[in-house]
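# Tertiary structure, described
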Amino acid sequence: MSPHKEYQLWPDAELLKLLRNDDRMAFEVLYNKYSSKIYYAAYNLFRDKDVCEDLVQELFIDLWAKRNQLNINSVEWYLKVAIKNRVLMYIRTKKATLDLSAIAMLTEKYTTDSKVMQKDISGLLDENVRQLPDRCREIFTLSRKEYLSNKEIASKLNISIKTVENQITIALRYLRTGLNDYLPLVIAVLLLQLF
């Protein structure tokens, strides 16, 4: 059996010990084991391949750079917390554009046990939608709740597709601003549940 295949059979605790001693093969095994889970968690929120790839790469570069000082017991837990922190930092710096429909879907899917949180998020979204200007609210509702395409909305309201796109962009920007204080909590919970 090749050393690489043998490493894949080792528990994370052993791989962590090897990593602390500069073992590149242990690092590679950990990367192969966890990078796709981390990428998937981030992609479910950002829907931006480049952002997600960068976050994963930065996380593992940091893991390698700090390998000798690591004081962790669980690689999986460390990576969960690290990716959560990176996502939250990315949001705080407003570099990220979150996919609100993805957040709503993930919240529904992963928090079925937490009906209170789901109800709070839904209520908060509804309240923010109600505060949109009338035309903007109508277009957003047709798009997100009735699932009409931009072309169908334009035809139904006798406006241009560009107007529909602009109004949806305005609505999403407003909703993101209205949810800024609440989103880090939601994202933290979702990321921990996505592993």
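Predicted model only: the values in this text are computed from it and were never measured.

### Considering the overall build of the protein
Looking only at helices and strands, one finds eleven helices and zero strands in the protein. In the protein, which comprises 195 residues, the share counted as buried stands at 39%. With the model as given, the accessible surface of the protein reaches about 11,400 Å², and the carbon-plus-sulfur share is 52%.

### Topic: the side chain of Asp 23
With respect to the helices, strands and loops of the structure, Asp 23 is situated in the loop between helix H2 (12–20) and helix H3 (24–46). Lacking a salt bridge, the buried Asp 23 has Arg 24 as its closest oppositely charged neighbour, with an N-O distance of 8.5 Å.

### As for the confidence of the model for the protein
Looking at the protein, pLDDT values average 77 and 70% of them are 70 or higher. Here helix H11 (residues 183–194) stands out as the least confident element of the protein, with mean pLDDT 56; helix H9 (residues 150–157) is the most confident, with 92.

### Focus on H9
Taken as a whole, H9 has its buried residues at Ile 153, Ala 154 and Leu 157. The buried side chains of H9 occupy one side of the element, clustering within an arc of 100 degrees when seen end-on. Exposed side chains of H9 directed beyond 90 degrees from the buried face belong to Lys 151, Ser 155 and Lys 156. Of the residues flanking the end of H9, it is Asn 158, one or two places downstream, whose phi is positive at about 60 degrees.

### Some words on the packing of aromatic side chains
With the rule as written, the count across this model stands at three aromatic pairs. Relative to Phe 60, the ring of Phe 27 lies with its centre 6.1 Å away and its plane at 75 degrees, an arrangement referred to as edge-to-face. Separated by 33 residues along the polypeptide, Phe 27 in helix H3 and Phe 60 in helix H4 (residues 49–65) bring together distant segments of the chain. Judged by its relative accessible area of 2%, Phe 60 falls in the buried class. Ring geometry for Tyr 31 against Phe 60: centres 4.8 Å apart, planes inclined by 75 degrees, an arrangement best described as edge-to-face. Here Tyr 31 is found in helix H3, whereas its partner Phe 60 is found in helix H4, with 29 residues between them in sequence. Among the aromatic residues, those joined into a cluster by ring pairs are Phe 27, Tyr 31, Phe 60 and Trp 64. In this structure, Arg 67 packs its charged tip against the face of Trp 64, placed 3.8 Å from the ring centre.

### Considering the environment of Gln 57
In this fold, Gln 57 is placed in helix H4. For Gln 57, a relative accessible area of 38% corresponds to the partly exposed category. C-alpha separation for the pair Gln 57 and Tyr 31, spaced 26 residues apart in sequence, amounts to 9.6 Å.

### Concerning H2
Within the sequence span of H2, burial applies to Asp 12, Leu 15, Leu 16, Leu 18 and Leu 19. Down the axis of H2, the buried set is contained in an arc of 165 degrees. They therefore lie on one face.

### Some thoughts on the packing of helix H8 (residues 134–144) against H9
Put simply, H8 and H9 touch, their axes get as near as 10 Å, and they point 135 degrees apart. Put simply, H8 runs oblique to H9. Here H8 runs over H9; the crossing is right-handed. Listed contacts from H9 to Arg 135, Glu 138, Ile 139, Leu 142 and Ser 143 of H8 are Ile 153, Lys 156 and Leu 157. The class makeup of the residues in the contact of H8 with H9 is four nonpolar, one polar and three charged.

Definitions and cut-offs
- Residues numbered from 1 in each chain as written.
- Predicted model: local features only at pLDDT ≥ 70, side-chain atom pairs only at ≥ 80, totals over all residues.
- Heavy atoms only, no water.
- Helix = DSSP H or I, 4+ residues; strand = E, 2+ residues; numbered from the N terminus.
- Buried < 20%, exposed > 50% of the residue type's maximum accessible area, 1.4 Å probe, protein only.
- Areas by Shrake-Rupley, 256 points an atom, 1.4 Å probe, with all protein chains shown as cover.
- Lys, Arg positive; Asp, Glu negative; His and termini not counted.
- Salt bridge = Lys/Arg side-chain N within 4 Å of Asp/Glu carboxyl O.
- pLDDT = per-residue confidence, 0-100.
- Arc of directions from axis to C-beta.
- Phe/Tyr/Trp six-rings, centres within 6.5 Å; stacked < 30°, edge-to-face > 60°.
- Lys NZ or Arg CZ within 6 Å of the ring centre and 35° of its normal.
- Axes fitted to C-alpha atoms, helices over the stretch in contact; angles between N-to-C directions.
- Parallel < 35°, antiparallel > 145°, perpendicular 65-115°, else oblique.
- Left-handed = near helix turned anticlockwise from the far one by under 90°.
- Contact = heavy atoms within 4.5 Å.
- Nonpolar A, V, L, I, M, F, W, Y, C, P; charged D, E, K, R; others polar.

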